[in-house]
Amino acid sequence: TPVPVKDGDNGTTFALQLSTKSIVVDNPTASSSTEGGKLILQCDDGAVMASGHRLGVIEFGGAEDTSSTITTGARIEAVTDATWSASENGAYLRFITTDGNASQSEHLRITADGRIGMGKTAPRGALDIVGTATDKYSTLYMGDDGADQQGSGLIYAGNDLILGADGDVMIVADGNDDDGVGG
């Protein structure tokens, strides 16, 4: 059961619950587009935030052994992208996952200007997808998760751009400006 607590800013009573399983922040104010529970992670050591400083992080972890050694499996970080001032407060989000060898890597970034990079920390467009060296290509797939796995894909492999649909190659544009149509 949430415990009533008074807000230090304006004396408003709200409910807060801390337990071994959850944190609940309940805002009893009438629901609207500006109200609701709010969790704030902030950094304030009295100095201005510099470029590359972390504003906050949410980590997801679990025990890797019976000695309760906790390992982070994934995390989301908010990081400044410039030194902050009254007119500059840019920040980006980093989404980091951990592989089987406990090696953490950033796989997704949302920049201050709303660009999304998958495998790319400085996206060049609204959505920038870059495959890994082991993938050998970048793929954008649109389709269903049904048994037939029907859909369309756009694949960049080396210098080739391939458009396919339902398992068939429709168009190949290679680095030599030779276009081919298949089906």
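Keep in mind it's a predicted model, so treat the numbers as computed, not measured. (Residues numbered from 1 in each chain as written. Predicted model: local features only at pLDDT ≥ 70, side-chain atom pairs only at ≥ 80, totals over all residues. Heavy atoms only, no water.)

1. A look at the overall build of the protein
To keep it simple, the criterion reads: Under the DSSP-based scheme used, a helix requires at least four consecutive residues in state H or I and a strand at least two consecutive residues in state E, with every element numbered from the N terminus. Relative accessibility thresholds used throughout: buried, under 20% of the residue-type maximum; exposed, over 50%; partly exposed, between the two (1.4 Å probe, protein chains only). Computed with the Shrake-Rupley method and a 1.4 Å probe, the accessible areas treat only the protein chains shown as cover for residues.
Across its full length, the protein holds zero helices and 14 strands. In the protein, the order of α-helices and β-strands from amino to carboxyl end is β-β-β-β-β-β-β-β-β-β-β-β-β-β. In the protein, which comprises 183 residues, the proportion classed as buried is 13%. Approximately 12900 Å² of the protein is accessible, and the part contributed by carbon and sulfur atoms is 53%.

2. Considering the pairing of strand β6 (residues 91–98)
Here is the rule: Should DSSP find at least two bridges between two strands, the strands are taken to pair.
Relative to β6, strand β5 (residues 70–80) runs antiparallel, the two sharing seven bridges. What sits directly across from Val 79, in β6, is Tyr 92. Counting the residues between successive antiparallel strands, the hairpin from β6 to strand β7 (residues 104–110) contains five residues, one of them, Ala 102, with a positive phi of roughly 60 degrees.

3. Digging into the sheet that holds β5
Counted only if it meets this: Axes, fitted as lines to C-alpha atoms, cover a helix only where it is in contact. Angles between the N-to-C directions of the axes lie from 0 to 180 degrees.
In space, the six strands of this open sheet follow the order β4-β5-β6-β7-β8-β9, with mixed pairing throughout. Because the sheet does not close on itself, it has two edges, and the strands there are β4 (54–63) and β9 (127–129). Pairs of neighbouring strands in the sheet enclose a mean axial angle of 20 degrees, with direction left out of account. Note: strand β8 (residues 116–118) against β9, three bridges, orientation parallel.

4. Topic: a nonpolar patch on the surface
Spelled out, the test is: Patch construction takes residues with relative accessible area above 30% that form no salt bridge. Like charges are linked within 9 Å, and nonpolar side chains (Val, Leu, Ile, Met, Phe, Trp, Tyr) are linked within 5 Å. Note on definitions: salt bridges are taken to be side-chain nitrogens of Lys or Arg within 4 Å of carboxyl oxygens of Asp or Glu.
Judged by side-chain polarity, Leu 39, Leu 41, Ile 58 and Phe 60 come together as a nonpolar surface patch covering roughly 400 Å² of accessible area. Looking at the element boundaries, Leu 41 is found in the loop between β3 (23–26) and β4. The exposure class assigned to Leu 41 is partly exposed, which follows from its relative accessible area of 44%.

5. Observations concerning the pattern of salt bridges
Evaluated as defined, the whole model comprises seven salt bridges. Here Arg 94 ties to Glu 106 by a salt bridge, and the two come within 2.7 Å at their closest N and O atoms. On the criterion of sequence distance, the pair formed by Arg 94 in strand β6 and Glu 106 in strand β7 is long-range, its members being 12 residues apart. For Asp 128, the salt bridge identified is with Arg 124, shortest N-O distance 3.0 Å. Overall, the relative accessible area of 6% leaves Asp 128 in the buried class. Classification of Arg 124 by relative accessible area gives exposed; the value is 58%.

6. Observations regarding the pairing of β5
Pairing geometry for β4 and β5, over nine bridges, is antiparallel. Directly across from Glu 59, in β5, lies its bridge partner Arg 75. Counting the residues that bridge the hairpin from β4 to β5 gives six residues, and of these Ser 68 lies at a positive phi of roughly 60 degrees.

7. A word on the environment of Glu 88
Our working definition: Whether two residues touch is decided by their heavy atoms; if any such pair falls within 4.5 Å, the residues are in contact. Polar contacts here mean pairs of N or O atoms no more than 3.5 Å apart (in protein, one a potential hydrogen donor and the other a potential acceptor; neighbouring residues in sequence count only if both atoms are side-chain atoms).
Residue placement: Glu 88 occurs in the loop between β5 and β6. Owing to a relative accessible area of 29%, Glu 88 belongs among the partly exposed residues under this scheme. The contacts of Glu 88, once residues within four sequence positions are left out, are Asp 81, Ala 82 and Thr 83. At a separation of 2.7 Å, a polar atom in the side chain of Glu 88 contacts the main-chain amide nitrogen of Gly 90.

8. Thoughts on the environment of Glu 59
With respect to the helices and strands, Glu 59 occurs in strand β4. Accessibility expressed as a relative area gives 46% for Glu 59, which makes it partly exposed. Separated by 15 residues in sequence, Glu 59 and Ala 74 place their C-alpha atoms 6.1 Å apart. In contact with Glu 59, not counting residues within four places along its chain, are Thr 72, Ala 74 and Arg 75. A distance of 3.1 Å separates polar atoms of two side chains, one belonging to Glu 59 and the other to Thr 72.

By themselves, these figures tell us nothing about what the structure is for.
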